[in-house]
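A closer look at the structure
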Amino acid sequence: MTLAQKRPASPRLSNGFISSLKKQFPDLIPPAIAIAIFLVIWQLFAWIPGATLPGPIQVIRDTWVLIFWPFYDRGGIDKGLFWQILASLQRVAISYTLAAIVGIGLGILIGVNKTMSKALDPIFQLLRTVPPLAWVPISLAALRQNEPAALFVIFITAIWPILINTAVGVTQIPQDYNNVAKVLQLSRKEYFTNILIPAALPYIFTGLRIAIGLAWLAIIAAEIVMSGIVGIGFFIWDAYQNNNVSEVILALVYIGVVGLLLDKAMGWLQNKILPAEQK
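Quick caveat: nothing in here was measured; it's all calculated off a predicted structure.

1. Examining the overall build of the protein
When its secondary structure is counted, the protein shows ten helices and zero strands. Helices (α) and strands (β) of the protein occur, in sequence order from the N terminus, as α-α-α-α-α-α-α-α-α-α. When each of the 279 residues of the protein is scored for burial, the buried share is 33%. Long-range contacts, defined here as pairs at least 24 residues apart, represent 68% of the contacts in the protein between residues at least 6 apart. When the accessible area of the protein is evaluated, it comes to approximately 17800 Å², of which 67% is carbon and sulfur surface.

Structure below.
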């Protein structure tokens, strides 16, 4: 009787992974070297007598619990960084989705209607220059609660690049496309789905990609000044109030990584949806 033997891992899978790693390896070396040099310089400055900020070694020593146990939950606002970031991302997802829906809709409206564009453009240009922090007291005064106020701050910050880029995309539709639509006597629905949206899609995605970064920045600003809510922004402010500078630095690293991932995810979605000739 022969004994069954375990089959080795598929050589195709192993070879594919190794070849993919070899292709990406040259692109990984420069950023890895740059990060290593940055950390060394940072550590050297931290060793200078009188330095006020901790170096990377001290940051890891002070925050190793937060690094290796990000899922702890002791109730209230005493939660690990995973839950803090998740709470912030949930707020961003809600407000960003609303901003995308309203921004694209209004952008198309003012893009196809010149009178509406002339009437609303001065208002939009005025409001879009207001910093996110300036909206916080207004939102708190109007909504009276931290959570809806934070959602409003994200929404009002993220909507402008979506709205403006969508409107520009609609106005930049080639006249030949419009002439073809008239010749073929396309209905409004057919014109909207077959000409307007495909032609304006690159501009829409540009606005969406800018807006996701602004939304992430806005939630941090909103949470910093809104006490008693779970979120990475309030976590930073609470750590600063308790003189835990290492925790502030660690949170900044997490914020940067999440922001980078959000931008890369939107770029990936853009490449998947847009035709090759529009990329």
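2. Description of helix α2 (residues 56–68)
End to end, α2 covers just 16 Å across 13 residues, shorter than the expected 18 Å (1.5 Å per residue, more than 12% under). For α2, the full list of buried residues reads Pro56, Val59, Thr63 and Leu66.

3. So, a nonpolar patch on the surface
There is a patch of nonpolar side chains on the surface, built from Ile29, Ile33, Ile37, Ile41, Phe45 and Ile48 and spanning about 550 Å² of accessible area. Summarising the element assignment, Ile41 is placed in helix α1 (residues 11–46).

4. Topic: the UniProt feature "transmembrane region" (unreviewed entry) in the protein
Cross-referencing UniProt, the feature "transmembrane region" (unreviewed entry) maps to residues 28–48, 93–112, 149–170, 191–208, 214–237 and 249–269 in the present numbering. The annotated region residues 28–48 carries 90% helix and 0% strand content, and the separation between its end C-alpha atoms amounts to 31 Å. Along residues 249–269 the backbone is 100% helical and 0% strand, and the end-to-end C-alpha distance reaches 31 Å.

5. Quick word on unusual backbone geometry
In this structure, Arg144 is a non-glycine residue whose phi angle is positive, near 70 degrees. Of note, Arg144 is situated in the loop between α5 (132–143) and α6 (146–171). A positive phi is found at Asn243, a non-glycine position, where the angle reads about 60 degrees. Structurally, Asn243 can be placed in the loop between α9 (232–241) and α10 (245–273).

6. Digging into α10
With 29 residues, α10 should cover 42 Å at 1.5 Å per step; its first-to-last C-alpha distance of 42 Å lies within 8% of that length. Within the sequence span of α10, burial applies to Ser246, Val248, Ile249, Leu250, Ala251, Ile255, Val258, Met266, Gly267 and Gln270.

Conventions used here
- Residues numbered from 1 in each chain as written.
- Predicted model: local features only at pLDDT ≥ 70, side-chain atom pairs only at ≥ 80, totals over all residues.
- Heavy atoms only, no water.
- Helix = DSSP H or I, 4+ residues; strand = E, 2+ residues; numbered from the N terminus.
- Buried < 20%, exposed > 50% of the residue type's maximum accessible area, 1.4 Å probe, protein only.
- Contact = heavy atoms within 4.5 Å.
- Areas by Shrake-Rupley, 256 points an atom, 1.4 Å probe, with all protein chains shown as cover.
- Expected span 1.5 Å × (residues − 1).
- Patch = residues over 30% accessible without salt bridge, like charges linked within 9 Å, V, L, I, M, F, W, Y side chains within 5 Å.
- Salt bridge = Lys/Arg side-chain N within 4 Å of Asp/Glu carboxyl O.
- UniProt positions renumbered as here; feature names shortened; annotations may be inferred.

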